[in-house]
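# Structural overview for review
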Amino acid sequence: MVRLQLSIKAELENVTDLQPASDDFEYFFQVKCNSCHEVHPKLISVNRKEEREVSGGKNSTANFVWRCSNCKRESSAKFESNSPVQPYTAEANGQFAPLLTIECRGLEFVGFDPKGIWKCVGVESGTVFPEVDLEEGEWVDYDEKAAVPVGISNIESQWTRA
């Protein structure tokens, strides 16, 4: 078992507390088999709320169960229940900061695509922006309360052992 931590880095303009908009957010990861080192050609989606049975385990479940198409070995991954998503704050602007931790068995995640709906908060006004769409890799809007432009750009990610 390996515990992996996903960290993100972004340029935040007048916003803070960037995080997925809901608990059932679909995370899109690139996955690699630890047995044959094959990297799956497509992104896979993992949802914190969905659990699947792991074959061979007594009542064992995981958020993601995968059989490598190359070596046919089954692997799994599970979000750590005691490790909630950590919002990316304005203090971390431009630096990597932890977002989540996931427990992996037989696989590793090697990539992350931030597509999906996120949320953030205006630094000066406290205005909540509940529908931040990062599909294009950036987002811009206007905070009317603070009368300033807001935005998120240059999103990067990295996986490290937790």
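These notes cover the structure that comes with them.

Rules and cut-offs
- Residues numbered from 1 in each chain as written.
- Predicted model: local features only at pLDDT ≥ 70, side-chain atom pairs only at ≥ 80, totals over all residues.
- Heavy atoms only, no water.
- Phe/Tyr/Trp six-rings, centres within 6.5 Å; stacked < 30°, edge-to-face > 60°.
- Helix = DSSP H or I, 4+ residues; strand = E, 2+ residues; numbered from the N terminus.
- Buried < 20%, exposed > 50% of the residue type's maximum accessible area, 1.4 Å probe, protein only.
- Contact = heavy atoms within 4.5 Å.
- Salt bridge = Lys/Arg side-chain N within 4 Å of Asp/Glu carboxyl O.

A few words now on the packing of aromatic side chains. Geometry of an aromatic ring pair is reported as the spacing of the ring centres plus the angle between the planes. Here the structure, examined in full by the defined rule, presents 11 aromatic pairs. Centre to centre, the rings of Phe29 and Phe109 are 4.6 Å apart; their planes meet at 45°, and the pair counts as tilted. Here Phe29, found in strand β3 (residues 26–33), pairs with Phe109, found in strand β10 (residues 107–113); they are 80 residues apart in sequence, far enough to count as distant. Side by side, Phe29 and Phe109 carry an identical accessibility label, which is buried. On the basis of an interplanar angle of 80° and a centroid distance of 5.1 Å, the ring pair of Phe29 and Trp159 is categorised as edge-to-face. Taken together, the residues Phe29 in strand β3 and Trp159 in strand β14 (residues 148–161) connect sequence positions 130 residues apart.

Next up on the list: the environment of Ala10. Mapped onto the fold, Ala10 is located in strand β1 (residues 2–13). Considered as a pair, Ala10 and Asn93 are 83 residues apart in the sequence and their alpha carbons are 6.2 Å apart. Residues within four places of Ala10 in sequence aside, it is in contact with Tyr88, Asn93, Gly94, Ile152, Ser153, Asn154 and Ile155.

On to the pattern of salt bridges. Throughout the structure, instances matching the rule amount to six salt bridges. Lys9 serves as the salt-bridge partner of Glu156, at 3.8 Å between the closest nitrogen and oxygen. One end of the pair, Glu156, is in strand β14; the other, Lys9, is in strand β1, with 147 residues separating them in the sequence. Classification of Glu156 by relative accessible area gives partly exposed; the value is 40%.

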